[in-house]
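One letter stands for each residue in the lines below.
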Amino acid sequence: GGVPPATDLVLGATAGCLACFLTNPLEVVKTRLQLQGELQAPGTYPRPYRGVLRAAVAVCRADGLWGLQKGLAAGLLYQGLMNGVRFYCYSHAEDAGWTGYPGGTVAAGAVAGAVGAIVGSPAYLVKTHLQAQTASAMAVGHQHNHENISSAFKNIYQQHGVVGLWRGVTGAVPRVTVGSAVQLSTFASAKDWVCERQWFRKGSWAAVLAGAMVSSVAVAVAMTPFDVISTRLYNQPVHADGTGKLYRGFLDCILQISNKEGLLGLYKGIGAVYFRLGPHTVLSLFFWDKLRNM
């Protein structure tokens, strides 16, 4: 405590952006892995992307080294909006004393995350479109072919209005709510567990990193299905009236994926989700902590 909510907003946003710059390549890889073999039975489609490392190499081959930073501007915008709002709401909940109640931190974290996801949704939509775009030989999922971030926002707005910018938000809210709640509820206990094993000194960054990597297992398992659904809903092509050509919505998306791709289809890209979560959590917390102590 002791930091006003408005300051928390700026610090949270800054920390999220610094972390984003370092973990965006994993986002690109994750998006491609999650769109690969969309609504096709396992083993019936070519797989240009296999696993995190080989997928990263494939992205570099198709789009050059800078291809790994595709959608970075939209990612930074999303992190700034999402984390700013999230930390701001959470800070308010703390000041109001909500976090003092049992389960209060989890509830506050979940609500703050959901509000952040709604505010940041248009940026995530554009980020997904831009990260999926690539040379035709390596293309997976629908290709929206935007020139850059501003033309992407303009195209979507001109074709589908304000509503179009918030398309796919039904997948985003559960994704962040589940992620936030699981992360906040497991991170502290994972950190303590690591220290009890006496692997690291209490309060050291090694302990925080290890705690984050342990808690990230829980978050990745809980969150990946929502992440896949989110990516699919954001990236699907749409009719002129704005309805999706592939999925009618959240539930339809779950059902179609599990029917056609099997339950493991909901876990596409889990490696990238996991490898992104640990460092992203730690980097965000690290930068936030360091900025707060300045």
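Residues numbered from 1 in each chain as written. Predicted model: local features only at pLDDT ≥ 70, side-chain atom pairs only at ≥ 80, totals over all residues. Heavy atoms only, no water.

**Examining the UniProt feature "transmembrane region" (unreviewed entry) in the protein chain**
Item 1. Under the feature "transmembrane region" (unreviewed entry), the UniProt entry names residues 205-226 and 269-288.
Item 2. End C-alpha atoms of residues 205-226 are separated by 30 Å, and the span's content is 100% helix alongside 0% strand.
Item 3. Annotation note: span residues 269-288, helix share 95%, strand share 0%, distance between end C-alpha atoms 27 Å. (UniProt positions renumbered as here; feature names shortened; annotations may be inferred. Helix = DSSP H or I, 4+ residues; strand = E, 2+ residues; numbered from the N terminus.)

**Things to note about helix α7 (residues 205-235)**
Item 1. The first and last C-alpha atoms of α7 sit only 37 Å apart over 31 residues, clearly below the 45 Å expected at 1.5 Å per residue.
Item 2. At Met223, α7 shows its strongest bend, of approximately 45°, with the proline Pro225 following within four residues. (Expected span 1.5 Å × (residues − 1). Bend = angle between axes of the 7 residues up to and from the residue.)

**Here we look at the packing of aromatic side chains**
Item 1. Counted by the stated rule, this structure contains 5 aromatic pairs.
Item 2. Between Phe226 and Phe250, the aromatic rings sit 6.1 Å apart at their centres with planes inclined by 15°, giving stacked as the arrangement. Pair noted here: Phe226 is in helix α7 and Phe250 is in helix α8 (residues 250-261), with a separation of 24 residues, a long-range link.
Item 3. The exposure class of Phe226 is partly exposed, given its relative accessible area of 22%. (Phe/Tyr/Trp six-rings, centres within 6.5 Å; stacked < 30°, edge-to-face > 60°. Buried < 20%, exposed > 50% of the residue type's maximum accessible area, 1.4 Å probe, protein only.)

**Overview of the UniProt feature "repeat: Solcar" (unreviewed entry) in the protein chain**
Item 1. Under the present numbering, the feature "repeat: Solcar" (unreviewed entry) in UniProt falls on residues 3-96, 100-193 and 203-294.
Item 2. In this annotation, residues 100-193 is assigned 76% helix and 0% strand; the end-to-end C-alpha distance for the span is 23 Å.
Item 3. In residues 203-294, the share of helix is 72% and the share of strand is 0%. The end C-alpha atoms are 18 Å apart.

**Some words on the side chain of Asn83**
Item 1. Relative to the helices and strands, Asn83 resides in helix α3 (residues 72-95).
Item 2. Judged by its relative accessible area of 4%, Asn83 is buried.
Item 3. In terms of polar contacts, Asn83 uses its side chain to reach the side chain of Arg86, at 3.1 Å.
Item 4. Apart from residues no more than four positions distant in its own chain, Asn83 is found in contact with Gly12, Ala13, Gly16 and Tyr78. (Polar contact = N/O pair within 3.5 Å; in protein donor to acceptor, adjacent residues only side chain to side chain. Contact = heavy atoms within 4.5 Å.)

**Considering the environment of His239**
Item 1. One can find His239 in the loop between α7 and α8.
Item 2. On the basis of relative accessibility, which here comes to 37%, the residue His239 falls in the partly exposed class.
Item 3. Sequence separation between His239 and Trp98 is 141 residues; the distance between their C-alpha atoms is 44 Å.
Item 4. Those residues within four positions of His239 in sequence are excluded, and the remaining contacts are His160, Gly244 and Lys245.

**Regarding unusual backbone geometry**
Item 1. Despite not being glycine, Asn145 has its phi angle at roughly 55°, a positive value.
Item 2. By the element assignment, Asn145 lies in the loop between α4 (104-132) and α5 (149-165).
Item 3. By relative accessible area, Asn145 is classed as exposed at 57%.
Item 4. A positive phi angle is found at Gln198, which is not glycine, with a value near 55°.
Item 5. Among the structural elements, Gln198 can be located in the loop between α6 (169-196) and α7.

**Here's the deal with the nonpolar core**
Item 1. In terms of nonpolar packing, the biggest core is built from 15 residues, with Tyr78, Val126, Ile156, Val176 and Tyr234 touching the most fellow members.
Item 2. At the level of secondary structure, the elements contributing two or more residues to this core comprise α3, α4, α5 and α6.
Item 3. Broken down by element, the residue count for this core peaks at 6 residues, all from α4.
Item 4. The residues contacting Ile156, other than those within four sequence positions of it, are Leu125, Val126, His129, His146, Gly161, Gly164 and Leu165.
Item 5. Counting residues in each nonpolar core, the second largest holds 13 residues, with Val28, Ala58, Ala132 and Ala272 among its members. (Core = buried A, V, L, I, M, F, W, Y, C linked by side-chain atoms within 4.5 Å.)

**Section: the pattern of salt bridges**
Item 1. Enumeration according to the criterion identifies 10 salt bridges in this entry.
Item 2. For Arg248, the salt bridge identified is with Asp252, shortest N-O distance 3.8 Å.
Item 3. Residue class for Arg248 comes out exposed when judged on its relative accessible area of 76%.
Item 4. Two residues, Lys268 and Glu261, come together in a salt bridge whose shortest N-O distance is 2.8 Å. (Salt bridge = Lys/Arg side-chain N within 4 Å of Asp/Glu carboxyl O.)

**Re the environment of Leu291**
Item 1. Within the secondary structure, Leu291 is located in helix α9 (residues 270-292).
Item 2. Distance in space between the C-alpha atoms of Leu291 and Gly12 is 9.1 Å, their sequence separation being 279 residues.
Item 3. Leaving out residues up to four positions away in the same chain, Leu291 has contacts with Leu11, Thr14 and Ala15.

**Here's the deal with the state of the cysteines**
Item 1. This model, assessed by the stated rule, comprises 0 disulfides.
Item 2. Cysteine Cys60 shares no disulfide, and the gap to the nearest cysteine sulfur, in Cys20, comes to 17 Å.
Item 3. Taking the relative accessible area as the measure of exposure, Cys60 reaches 23% and is therefore partly exposed. (Disulfide = S-S within 2.5 Å.)

**Things to note about the packing of α6 against α7**
Item 1. Relative orientation of the contacting elements α6 and α7 amounts to 170°, with a least axis distance of 7 Å. Taken together, the axis directions place α6 and α7 in an arrangement best described as roughly antiparallel. (Axes fitted to C-alpha atoms, helices over the stretch in contact; angles between N-to-C directions. Parallel < 35°, antiparallel > 145°, perpendicular 65-115°, else oblique.)

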